[in-house]
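For reference, the chains in residue letters:
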Amino acid sequence: MEQTAAPMREKVCLVTGSNSGIGKETALGLARLGATVVMVCRDQSKGAAAQAEIKTQSGNPSVDLLIADLSSQQSIRQLAREITERYPQVHVLVNNAGVSPSQRALTSDGIEKTFAVNHLAPFLLTNLLLERLKASAPARVVTVASSGQSAINFDDLQGEKHYSMLGAYGQSKLANILFTYELARRLEGTGVTANCLHPGVVSTNLAREFNPLFRAMARLFFISPAKGAQTSIYLASSPEVEGVSGKYFTKKREIPSSKESHDTASARRLWQISEQLTQLVPA
């Protein structure tokens, strides 16, 4: 590839949840830009199949695959060790993986699964990779949030008193934005930026947890994962957002986020709780 055709050449980009949906399209888009793409997937066979497709479609052989279960903090820590051992630099981290289980479930760490995978996993992985990102600056952290946000109930953070699938998912998406804004404040002056995005209403595997009518509507009216990935790719690669941090985007444009997402006290409280739940600090 010539340099003009590969603006991300020599950049290492990590994308979680990249065997399908938005994550796969994000990995493909970055591979087409010439990046070394590190796919993080839970399933070896599905990940390998997606890896082969991305290599073929992009013409870029520099597409690696790492296996991790993001519901397990032990697995996330092992993933971070493997990344730092294998990659002297990490320029982009795209926190994309997400779940929306219809019933309340606990992870192996005893944490409600939606909160664990959608919020605590990117929180922990990002923090474990921060020194590598800082050493690789300019670097970027991109987190896939959603416009479908619900208030965070700090008195019932893990749905022990009351659980609903949409409530748990919406709470985790607001947590993504609060995390991004607090991270951006903590990263000021480091050369590492942190932004988040609403990808649009996308037809992905998350829809499988909904009823058949909703799934049928999703196929008819929701946008494709390829379109949904465009803002993730933009935030990961575009020179237009070089140095931009602590912002919320959709359709490649910065837009205002909810009033609740700008509550700095809630952001700090969530950060402290997350540190304890991930054992980054003693409980």
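Source: prediction; values computed, not measured.

(A) Quick peek at helix α3 (residues 73-86). For α3, spanning 14 residues, the distance from its first C-alpha to its last is 20 Å, which sits close to the expected 20 Å at 1.5 Å a residue. Of all the residues in α3, the buried ones are Gln73, Ser75, Ile76, Leu79, Ala80 and Ile83. Around the axis of α3, the buried residues are gathered within 155° of arc, so they sit on the same side. Exposed residues lying more than 90 degrees from the buried face of α3 are Gln74 and Glu85. On its buried side, α3 packs onto β1 (12-16), β2 (36-41), β3 (63-67), α4 (113-135) and α9 (264-277).

(B) Highlighting the pairing of β1. Within β1, five of the five residues are buried, which leaves the element mostly enclosed by the surrounding structure. Because side chains alternate across β1, one face comprises the buried residues Val12, Leu14 and Thr16, and the other comprises Cys13 and Val15, equally buried. For β1 and β2, the ladder comprises five bridges, and the chain directions are parallel. Note on β2: the bridge partner recorded for threonine 16 is valine 40. Handedness of the β-α-β unit built from β1, helix α1 (residues 21-32) and β2 comes out right-handed. Sheet analysis places β1 next to strand β4 (residues 92-95), joined by three bridges and oriented parallel. Bridge assignment links cysteine 13 to a residue of β4, and that residue is valine 92.

(C) Spatial organisation of the sheet that holds strand β8 (residues 253-254). The strand order across the open sheet formed by eight strands is β3-β2-β1-β4-β5-β6-β7-β8, and the pairing between neighbours is mixed. The open sheet terminates on both sides in strands that have one partner only, identified here as β3 and β8. In this fold helix α2 (residues 44-58) packs onto β2 and β3, with an angle of close to 170° to the strand it touches most, β3. With respect to the sheet, helix α8 (residues 230-237) is in contact with β4, β5 (139-144), β6 (192-197) and β7 (247-250), its orientation differing from that of β5 by roughly 165°.

(D) Representation of the side chain of serine 232. Structurally, serine 232 can be placed in helix α8. Since its relative accessible area comes to 0%, serine 232 is described here as buried. Discounting chain neighbours no more than four positions away, the residues touching serine 232 are Ile22, Thr26, Val142, Val144 and Leu197.

(E) Inspection of the nonpolar core at higher detail. Within the largest apolar cluster, 31 residues are counted, with the highest numbers of intra-cluster contacts made by Leu14, Leu79, Ile83, Leu125, Leu129, Leu133 and Leu183. Elements with a minimum of two residues in this core: β1, β2, α3, α4, β5, α5 (165-186) and β6. Among residues more than four places away in sequence, those in contact with leucine 79 are Val40, Leu66, Ala68, Leu70 and Leu125. In this structure, Ile22, Ala35, Ala50 and Tyr234 belong to the second largest nonpolar core, which totals 28 residues.

(F) Main features of the pairing of β2. For β2, a buried count of five out of six residues is recorded, marking the element as mostly surrounded by other parts of the structure. In this structure, β2 lies alongside β3, joined through five bridges in parallel fashion. Looking across to β3, one finds that methionine 39 is bridged to leucine 65. For the handedness criterion, the β-α-β arrangement of β2, α2 and β3 is classed as right-handed.

(G) Spatial organisation of the confidence of the model for the protein chain. Residues at a pLDDT of 70 or more form 90% of the protein chain, whose mean pLDDT is 92. The low-confidence segment residues 214-218 (pLDDT under 50) makes seven contacts with residues lying over four places distant or belonging to another chain.

(H) Molecular detail of the pattern of salt bridges. Considering all chains together, one arrives at seven salt bridges under this definition. Linking glutamate 131 and lysine 134 is a salt bridge whose minimum nitrogen-to-oxygen distance equals 3.5 Å. Taken together, the positions of glutamate 131 and lysine 134, both in helix α4 and three residues apart, correspond to about one turn of that helix. According to the relative accessible area criterion, glutamate 131 is exposed, its value standing at 57%. Measuring nitrogen to oxygen at the nearest pair gives 2.9 Å for the salt bridge that ties arginine 185 to glutamate 182. Highlighted residues: arginine 185 and glutamate 182, both in helix α5, separated by three residues, approximately one helical turn. Residue class for arginine 185 comes out partly exposed when judged on its relative accessible area of 35%. Owing to a relative accessible area of 6%, glutamate 182 belongs among the buried residues under this scheme.

(I) Region of interest: the packing of α4 against α5. Interhelical geometry of α4 versus α5 gives an angle of 20° and a closest axis separation of 7 Å. The angle between α4 and α5 falls in the class roughly parallel. The handedness of the crossing between α4 and α5 comes out as right-handed. Only Ala168, Tyr169, Gln171, Ser172, Lys173, Ala175, Asn176, Phe179 and Leu183 of α5 make contact with α4, whose side of the interface consists of Thr114, Phe115, Asn118, His119, Pro122, Phe123, Thr126 and Leu130.

Thresholds, definitions, all that
- Residues numbered from 1 in each chain as written.
- Predicted model: local features only at pLDDT ≥ 70, side-chain atom pairs only at ≥ 80, totals over all residues.
- Heavy atoms only, no water.
- Helix = DSSP H or I, 4+ residues; strand = E, 2+ residues; numbered from the N terminus.
- Expected span 1.5 Å × (residues − 1).
- Buried < 20%, exposed > 50% of the residue type's maximum accessible area, 1.4 Å probe, protein only.
- Arc of directions from axis to C-beta.
- Contact = heavy atoms within 4.5 Å.
- Pairing = 2+ DSSP bridges.
- Right-handed = clockwise from strand over helix to strand, strands pointing away.
- Axes fitted to C-alpha atoms, helices over the stretch in contact; angles between N-to-C directions.
- Core = buried A, V, L, I, M, F, W, Y, C linked by side-chain atoms within 4.5 Å.
- pLDDT = per-residue confidence, 0-100.
- Salt bridge = Lys/Arg side-chain N within 4 Å of Asp/Glu carboxyl O.
- Parallel < 35°, antiparallel > 145°, perpendicular 65-115°, else oblique.
- Left-handed = near helix turned anticlockwise from the far one by under 90°.

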